[in-house]
Number of protein chains: 2
Amino acid sequence: MSDFSRLAINQFTTLHQWSLPQAIEGYARHGVHAMGVVRDKLHEVGVSEANRLLKAHDMKVTCLCVGGLLTDSDPDLFRANLDSTRRAIDEAAELDADCVVFVAGGLPEGSRDLAVARARCLEGLAEVLPYAKRAGVTLGLEPLHPMICAFRSCLSTLGQANDWIEALGAGPELGIVVDVYHVWWDPDMEREIERAAGRIVSFHVCDWLMETTDLRLDRGMMGDGVIDIRRIRRLVEATGYDGFREVEIFSERNWWRRDPDEVVEITKARYLSDVI
Amino acid sequence: MSDFSRLAINQFTTLHQWSLPQAIEGYARHGVHAMGVVRDKLHEVGVSEANRLLKAHDMKVTCLCVGGLLTDSDPDLFRANLDSTRRAIDEAAELDADCVVFVAGGLPEGSRDLAVARARCLEGLAEVLPYAKRAGVTLGLEPLHPMICAFRSCLSTLGQANDWIEALGAGPELGIVVDVYHVWWDPDMEREIERAAGRIVSFHVCDWLMETTDLRLDRGMMGDGVIDIRRIRRLVEATGYDGFREVEIFSERNWWRRDPDEVVEITKARYLSDVI
């Protein structure tokens, strides 16, 4: 029998089709019992009701998306995102999620100073970490592809994430999220995955389409692109990571327009043929 | 008086508007006397006629674009691109160009094995280097942005280019092309530019648009985006590089549709305001 016990689906994969209650019910109906939760969707129903539905469907929350965006020089914007990250930590604690996905943030409006943005983010991380530690929640630093550095994440490589963790000297309240989409091209990927041993708290899969038409919202289903997903999974799992393999697909032109039940069925099939 | 003696314009900047004779005449008319040449455009007129026009307009050729694309496993395709690279070397020698821009190539059709593609390219480079050395021509390795790794260049970072040069143990027949567009996001940029000291043979500028709509053909004019171009120029020149600052803009939706004389005039103005 096929084993889907380590398959998780991130709610972004059916972002346009399903609310959180629908996604919980839908994934569970297809035998998938772990999911990443999108905070906007969570706020539509509230944490208590979400928790009730999650328990009713025996659904584990892997990661909560997202916290961070701590690159602003403007103190008010910086503060607002710091507060939002603290709320994400509270939510993750209530949902018993494995981690909050931490997205660094891009260049502040009007800025060209990447070094300053990166320093600001580190500063914000240092400020929020004690809060995460007290809550028993892990922040998962997710390096995002360099192509979205300007507007989304000045944390661009696994090497940089490893450097940040070492600079912060943090404990289990800080980890790394490895998403094949963001790291597959990196000549240092293998070395930096090894270096991340013991720090990897979430592993995400999808595929890179040869004809990518958008910098953020045109990811492919596993098997439809050029990433050797299985190889990267093995590298990640060779470090000792034994958590979920989470499918996360942003796809404005394809998967977000399909019947969500079909998306889940194809996800399961491709999990077997192209991930494990 | 404004000094344009170190300004070069790469012919890609007016790709859709001007043939090679028109570009030579056009750039010279605006007081720009150095240019990067696109091989397809060169072949339309032939090397001899091009040379005559270049001399008549006192036009220096900086780089010839492009050679390489040596990642194919298929021996025939590999051989064809190796031959093409040798012809590019011959052409560069005849034009007295500073270098041939070497683009690595992406994943071969149907392949997901980036390590193999990279190894194949190194193999091809090793094979073609003696030919370049005999011709007295430099191949300029240009790392291209990770977002075009799949279909264009498995050489993705300056660090990788430095590693390749050290692995090949080559002399002046091998150098590095630094384009701000491809390297600005890299957390290791500063260190790897320093490491490339003495190897940098060409320096290209344009800008990264916050709202980039295409992975390859949507570059911005200097000043319209978020790259701190002046800072990167200073880093490059601090290594001892004293060559041209070459403007190279691929822009399907804007600059390739504009009056080319206007493009050159704006290029000159932005060179003064955002590059030097």
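All residue numbers refer to position in the chain's written sequence, counted from 1. For naming, the first written chain is A and the first written ligand is 1, with later ones following in the order written. Residue-level local features of this predicted model are given only where pLDDT is at least 70; pairs of side-chain atoms are given and counted only at 80 or more, and the full residue set underlies all totals for whole chains, interfaces and linings. Note: side-chain values were computed over all heavy atoms of the structure, leaving out hydrogens and water.

Enquirer: Is there a simple way to explain the overall build of chain A in this structure?
Expert: Secondary structure is summarised from DSSP: a helix means a run of H or I of at least four residues, a strand means a run of E of at least two, and numbering begins at the N terminus for each. Tallying secondary structure elements over chain A gives 10 helices and 8 strands in all. The globule rule puts the C-alpha radius of gyration for 276 residues at 19 Å, and the 18 Å found for chain A is close to it. Along the three orthogonal principal directions, the C-alpha set of chain A runs to about 50 × 45 × 35 Å. Note on exposure labels: buried denotes an accessible area under 20% of the residue type's maximum, exposed denotes more than 50%, and partly exposed covers the range between, all computed with a 1.4 Å probe on protein chains only. Counting all 276 residues of chain A, 61% fall into the buried class. Two residues qualify as a contact provided that any one of their heavy atoms is within 4.5 Å of a heavy atom in the partner residue. A separation threshold of at least 6 residues defines the contact pool for chain A, and within that pool the share at least 24 residues apart is 78%. Element-wise, carbon and sulfur atoms account for 48% of the exposed surface of chain A, whose accessible area totals about 10200 Å². Side-chain charges of chain A comprise 31 positive and 45 negative groups, with the mean position of each set lying 1 Å from the other. Radius of gyration means the value over C-alpha atoms here, while the globule rule gives 2.2 Å times the residue count to the 0.38 power. We get accessible surface area from the Shrake-Rupley algorithm with a probe of 1.4 Å; when it comes to residues, only the shown protein chains can shield them. For the purpose of counting charges, residues Lys and Arg are taken to be positive, whereas Asp and Glu are taken to be negative. His and the chain ends are not included. By convention, charge coordinates are those of NZ in Lys, CZ in Arg, CG in Asp, or CD in Glu.

Enquirer: How should the sheet that holds strand β3 (residues 60–68) of chain A be read in this particular structure?
Expert: One key point about sheets: their strands pair by backbone hydrogen bonds, in either a parallel or an antiparallel sense. All names here are of chain A. DSSP bridges decide pairing: two strands pair if at least two such bridges lie between them. Around the barrel, 8 strands lie side by side as β1-β2-β3-β4-β5-β6-β7-β8; this closed barrel has parallel pairing. The average undirected angle you get between the axes of adjacent strands in this sheet is 30°. Of the strand pairs in this sheet, β3 and strand β4 (residues 99–103) are connected by 5 bridges, and their pairing is parallel. Opposite G67, over in β4, you have F102 as the bridge partner. Axis definition: a line fitted to C-alpha atoms, limited for helices to the stretch in contact. Angles are taken between N-to-C directions and run from 0 to 180 degrees. Helix α6 (residues 158–168) contacts β5 (139–141) and β6 (174–179) of the sheet and is inclined by roughly 175° relative to β6.

Enquirer: I keep staring at the packing of aromatic side chains and nothing clicks. Help me out?
Expert: Given two aromatic rings, their pairing is described by the distance between the two centres and the angle made by the two planes. In this scheme Phe, Tyr and Trp rings, the latter by its six-membered ring, pair at centre separations within 6.5 Å, and the angle between planes marks the pair as stacked below 30 degrees, edge-to-face above 60, and tilted otherwise. For the structure on display, the rule yields 13 aromatic pairs over all chains. Relative to W185(B), the ring of W185(A) has its centre 5.7 Å away and its plane inclined at 90°; by these criteria the two rings are edge-to-face. With W185(A) in the loop between α7 (180–183) and α8 (189–195) and W185(B) in the loop between α7 (180–183) and α8 (189–195), this residue pair bridges two chains. Three or more aromatic residues joined by ring pairs form one cluster here, namely F12(A), F250(A) and W256(A). Ring-over charges, as used throughout, are those where CZ of Arg or NZ of Lys falls within 6 Å of the ring centre and within 35 degrees of the ring normal. In this structure, R258(B) packs its charged tip against the face of W255(B), placed 4.2 Å from the ring centre.

Enquirer: Help me understand helix α10 (residues 260–275) of chain B in this model?
Expert: It helps to recall that an α-helix has 3.6 residues per turn; residues three or four apart then point in one direction. Residues and elements named next belong to chain B. Buried within α10 we find P260, V263, V264, I266, T267, K268, Y271, D274 and V275. In this structure, the buried side of α10 is in contact with β1 (7–10), α1 (20–29), β7 (200–205), α9 (229–238) and β8 (245–247). Contacts described as polar in this section are N or O atom pairs within 3.5 Å, which, within protein, must combine one atom able to donate a hydrogen with one able to accept it, while residues neighboring in sequence count only if both atoms come from side chains. Its side-chain oxygen 3.0 Å from the backbone nitrogen of D261, D259 forms the N-cap of α10.

Enquirer: Is there a simple way to think about the sheet that holds strand β4 (residues 99–103) of chain B in this case?
Expert: Residues and elements named next belong to chain B. Strands sit in the order β1-β2-β3-β4-β5-β6-β7-β8 around a closed barrel of 8 strands; the barrel is parallel. Within the sheet, the average angular offset between the axes of one strand and its neighbour, ignoring direction, is 30°. Bridge count between β1 and strand β2 (residues 34–38): 2 bridges; the pairing is parallel. By the bridge assignment, N10 is partnered in β2 with G36. In the packing of α9 onto the sheet, contacts are made with β6 (174–179), β7 and β8, and the angle to β7 comes to roughly 175°. Contacting β1, β7 and β8, α10 runs over the sheet at an angle of about 130° to β1.

Enquirer: Which parts of the structure should I look at to understand the interface of chain A and chain B?
Expert: A common measure of how large an interface is: the accessible area buried when the components associate. Counting residues at the interface gives 31 residues for chain A and 31 residues for chain B. Summed over both partners, buried area is the accessible surface (1.4 Å probe) that two parts give up on being assembled. Carbon and sulfur atoms supply 67% of the area that chain A and chain B bury against each other, a total of about 2400 Å² over both sides. The salt bridge definition used is simple: a Lys or Arg side-chain nitrogen within 4 Å of an Asp or Glu carboxyl oxygen. Taken together, the links from chain A to chain B amount to 2 salt bridges. D274(B) is the partner of R112(A) in a salt bridge, and the nearest nitrogen-oxygen pair spans 3.8 Å. Here the residues of the side of chain A that touches chain B sort into 15 nonpolar, 9 polar and 7 charged. Under the grouping applied here, Gly and all other residues not named as nonpolar or charged are polar, the nonpolar ones being Ala, Val, Leu, Ile, Met, Phe, Trp, Tyr, Cys and Pro and the charged ones Asp, Glu, Lys and Arg.

Enquirer: Can you help me understand the pattern of salt bridges in this one?
Expert: Two side chains with opposite charge may pair up if their charged atoms get near one another. Following the criterion strictly, the structure yields 52 salt bridges over all chains and no others. In this structure, E192(B) and R195(B) form a salt bridge, with 2.8 Å as the shortest nitrogen-oxygen distance. Here the residue E192(B) and the residue R195(B) both occupy positions in helix α8, the gap between them amounting to 3 residues, near one helical turn. Several salt bridges share partner residues, and in doing so they unite D163(A), E166(A), D188(A), R191(A), E192(A), R195(A) and R199(A) into one network.

Enquirer: Looking at this structure, I do not really get the confidence of the model for chain A. What am I missing?
Expert: If pLDDT is low for a region, its predicted coordinates should not be looked at in detail. Across the chain, each position has a pLDDT score giving the predictor's confidence in that residue, from 0 to 100. Considering every residue of chain A, the mean pLDDT works out to 97; 100% of them sit at 70 or more. The ipTM, which scores confidence in the relative placement of chains, is 0.96 for this predicted complex, and the corresponding pTM is 0.97.

Enquirer: I keep staring at the packing of helix α3 (residues 47–56) of chain A against helix α4 (residues 75–95) of chain A and nothing clicks. Help me out?
Expert: How two helices pack is summed up by the angle between their axes together with the distance between the axes. Residue and element names in this part refer to chain A. The contact between α3 and α4 brings their axes to 10 Å, and the two run at 30°. One way to sum up the angle between α3 and α4 is to call them roughly parallel. Regarding α3 and α4, the two cross each other, and that crossing is right-handed. Along the contact surface, α3 presents V47, N51 and L54, while α4 presents E91, E94 and L95. Should an angle fall under 35 degrees it is taken as roughly parallel, and over 145 as roughly antiparallel, whereas 65 to 115 is taken as roughly perpendicular and any remaining angle as oblique. A crossing counts as left-handed when the near helix is turned anticlockwise from the far one by less than a right angle, and as right-handed when that turn is clockwise.

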